[in-house]
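Residues per chain are reported as follows:
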Amino acid sequence: MMPKNLTRLFDLPAYQLKHTPQDNAFNTKIGGKWVALSTQEYCNQIAIISNALIELGIKPDDKIAVVTEKNCVEWHILDMAIFQVGAISVPLYATLSLSDYEFILNHSDSKLCFVSNKDLFDKVASVQEKTQVTTIFSFDTSVCDTNWEALLASGKKNTHQLEVVERKSKITAKNLATIIYTSGTTGVPKGVMITHQELVHAVITCKELLDLDEPYQSVVSYLPVSHVFERLVMYYYHYMGFQVYFAESLDKLVDNLQEVKPVFLPIVPRLLEKIFDKIIAKGNELSGIKKGLFFWAVRVAENTEIDQKRGLKHKIADTFIFSKWRAIFGGNIKFLVSGSAPLQDRLIKIFTAAGLPIYEGYGMTESSGVISLNGYKKGETRLKSVGKPMPGLEVKIAIDGEILIKGKNVLKGYYKNEVKTTEAINDGFFHTGDIGEICKDGFLTITDRKKEMFKTSGGKYIAPSIIENKMKQSSFIEQIMVIGEGYKMPAALIQINYEFVKDWALQNKHTIIDVTSDLKLRTRIQEDIDLNNEGLGKWERIKKFEITPDEWTIEAGHLTPTLKPKRKIIKEKYKALFEKIYAD
């Protein structure tokens, strides 16, 4: 049930101040030490920045863009200040191309843009003339005069407290709060319009879905806050009264986890896969009895069902091996929530058996980040499913298998795009673009993306993400994209796991000159593909593959910020490899 005094996003700081005030609300690593900001000071700075925005001439419904390379408390102070002066925040990913910056800043009608460092300042400045952005502000005070300190000084000097109060009083739960542009794996970004009500409803529902009742617990913020997943999680932390620590970087995440010892961690599949690959790599470095014990423990975990009673084998494995895995995450994790892409069942079983339960969920920007989630109660988690729909959300399956949703957390439309809005929302139901089914006891299963499914020339349907997920169980494969629309068979473009392949080559005393054509490497990868082809229909099996010559990255445009392949771009980049596969 929604608290009466919590209906808009900017009510969250005041709610925390009243119910769970704390000295260490937000923590940032400065000079090797964690520096804390209290709930009270957080609220004070929100008020100061609100004054500064009004002094700058920001009016209700004005758009303000924000782009940071890493998460920081300034982002959240600004976010809340934007909301309570009636403006609308437009978060952008740091990894966007210049053309995307220009498009989003233009399309959103953003008047100001906040950046975190000089590189981002230069990026935005290079397209500023083609947009309506009047001023670029930097959180880093060394970048320009229009910086965070100058803004704080202006807010302290020029008080507009009465106007802030008046503006807040006029903002209802149904007011637009933010426009989040979908990164998407195909097509032009769409501006998802989300109201205060939609996100607040999702936040309060998360309390019911997650088993974290005690306030003052430690959590780490590291996923891109411009993505709805991390944004929802951060608002949830506000609501719960947790102590937030901002990770120094993705490279230092494990170090930060071990310092902070968080109780909960949201995670995306690719990152979990990378952590597991490193765990296995460490196992391979062992020798003799230690190595045998390590891989025996892995097999124990693989063969342990989610709700299975733990026996002596598990106790031994836990004492010598699993406890060390938990220590990687700080040793205090109660559970992890995985979202944004499908996660291998094998990893869910292994980590859960090791005392790191993973609850796979399903959500999208258009649903304020959550649609369904596997639960913490016995019998509420099921492999191959994304859990049960969240309370209050109506979910149904269309005749063609598409998942349709309706509820308080679902968007009202796309910004300045009535055509896409009309296409997506019909009879009050949002068409997710995902194919799935609901079993008789309410668990939702995702089969594939409707737009990503394709037919071979033989008329057989291929669901690429299911095949890709199976193939990524190979330690040799970092990323994979299944292709073959309109052709006689499915095939794959593969980016190898460079770290693992390097170790494999050393162990086998094998020198690789060219990863794309090395016969021994290709033969070994083929073995894993053949193994993972088992269990697939004959028409689904990968018959051919090519290895791409470079790594797929966010920066180069191969991947979305949550590490999902951008299919259209990858196909274009490796057109020659595509043609080589289907040359016969």
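These figures come from a predicted structure and were not determined experimentally.

## Looking at the pairing of strand β17 (residues 402-406)
One face of the sheet, then the other: side chains in a regular strand alternate in exactly this way.
And step 1. Most of β17 is tucked away, with four of its five residues classed as buried.
And step 2. Count of turn residues in the strand β16 (residues 394-397)/β17 antiparallel hairpin: four residues, of which G401 carries a positive phi of about 95°.
And step 3. Note: β17 against strand β20 (residues 429-438), three bridges, orientation antiparallel. Of the residues in β20, the one forming a bridge with L404 is H431.

## Regarding the sheet that holds strand β24 (residues 477-483)
And step 1. An order of β24-β25-β26 is seen for the three strands of this open sheet, with the pairing classed as mixed. Edge positions in the sheet fall to β24 and β26 (544-547), since each has one partner strand and no second. Going from strand to strand, the sheet's axes swing by 25° on average, the running direction of each strand aside.

## What to know about the sheet that holds strand β12 (residues 335-338)
And step 1. Ordered in space as β11-β12-β13-β14-β15, the five strands form an open sheet in which the pairing is mixed. Two strands bound the open sheet, and with one partner strand each, they are β11 (264-267) and β15 (388-389).
And step 2. Relative to β15, strand β14 (residues 372-373) runs antiparallel, the two sharing two bridges. Counterpart to S372 in the pairing with β15 is P389.
And step 3. Across the face of the sheet, helix α9 (residues 228-240) comes into contact with β11 and β12 while running at roughly 160° to β11.
And step 4. Running at roughly 110° to β11, helix α11 (residues 269-285) makes contact with β11, β12 and β13 (358-362) of the sheet.

## Let's talk about the packing of aromatic side chains
And step 1. Considering all chains together, one arrives at 24 aromatic pairs under this definition.
And step 2. Ring centres 6.0 Å apart and planes at 65° place the aromatic pair F276 and F351 in the edge-to-face group. Of this pair, F276 sits in helix α11 while F351 sits in helix α14 (residues 345-353), placing them 75 residues apart in sequence.
And step 3. The exposure class assigned to F276 is buried, which follows from its relative accessible area of 4%.
And step 4. Looking at F351, the relative accessible area reads 0%, which means it is buried.
And step 5. Considering the side-chain rings of F294 and F295, the 4.9 Å spacing of their centres and the 75° angle between planes classify their relative orientation as edge-to-face.
And step 6. A residue is classified by how much of its surface remains accessible, and F294, at 6% relative accessible area, is buried.
And step 7. Among the aromatic residues, ring-to-ring pairing joins Y236, Y237, F242, F264, F335 and Y359 into one connected group.
And step 8. Here the guanidinium or amino end of K190 rests over the ring plane of Y414, the centre of that ring lying 5.3 Å away.

## Digging into the environment of K18
And step 1. If you trace the backbone, K18 turns up in helix α1 (residues 11-19).
And step 2. Once the C-alpha coordinates of K18 and T39 are considered, the two residues, 21 residues apart in sequence, prove to be 9.7 Å apart.

## Topic: the pattern of salt bridges
Should the charged atoms of two oppositely charged side chains come close, the side chains can pair.
And step 1. In this structure the tally under the stated criterion is 28 salt bridges.
And step 2. Between D122 and K118 there is a salt bridge whose closest N-O contact spans 2.9 Å. Taken together, the positions of D122 and K118, both in helix α5 (residues 118-127) and four residues apart, correspond to about one turn of that helix.
And step 3. Residue classification places D122 among the partly exposed residues on the basis of a relative accessible area of 36%.
And step 4. When the shortest N-O distance is used, the salt bridge between K252 and E248 registers 3.6 Å.
And step 5. Each of the salt bridges in this network shares a partner with another, and the network as a whole consists of R270, E273, K274, K472 and E478.

## Some remarks on empty space enclosed by the protein
And step 1. In this structure the tally under the stated criterion is one cavity of 30 Å³ or more.
And step 2. Of the volumes computed, that of the largest cavity is approximately 30 Å³.
And step 3. Taken together, I348, I358, E360, N374, T381, R382, L383, K384 and S385 form the lining of the largest cavity.
And step 4. Here the lining of the largest cavity is composed, by residue class, of three nonpolar, three polar and three charged.

## Thoughts on the side chain of H227
And step 1. Note that H227 resides in the loop between β9 (218-221) and α9.
And step 2. Residue class for H227 comes out buried when judged on its relative accessible area of 14%.
And step 3. Here F229 takes part through its backbone nitrogen, which lies 3.0 Å from a polar atom of the side chain of H227.

Cut-offs and rules
Residues numbered from 1 in each chain as written. Predicted model: local features only at pLDDT ≥ 70, side-chain atom pairs only at ≥ 80, totals over all residues. Heavy atoms only, no water. Buried < 20%, exposed > 50% of the residue type's maximum accessible area, 1.4 Å probe, protein only. Helix = DSSP H or I, 4+ residues; strand = E, 2+ residues; numbered from the N terminus. Pairing = 2+ DSSP bridges. Axes fitted to C-alpha atoms, helices over the stretch in contact; angles between N-to-C directions. Contact = heavy atoms within 4.5 Å. Phe/Tyr/Trp six-rings, centres within 6.5 Å; stacked < 30°, edge-to-face > 60°. Lys NZ or Arg CZ within 6 Å of the ring centre and 35° of its normal. Salt bridge = Lys/Arg side-chain N within 4 Å of Asp/Glu carboxyl O. 1 Å grid on protein atoms, 1.4 Å probe; cavity = no way out; pocket = protein on both sides within 12 Å on 5 of 7 lines; lining within 4 Å. Points joined across faces, edges and corners; volume = space filled by probe spheres on them. Nonpolar A, V, L, I, M, F, W, Y, C, P; charged D, E, K, R; others polar. Polar contact = N/O pair within 3.5 Å; in protein donor to acceptor, adjacent residues only side chain to side chain.

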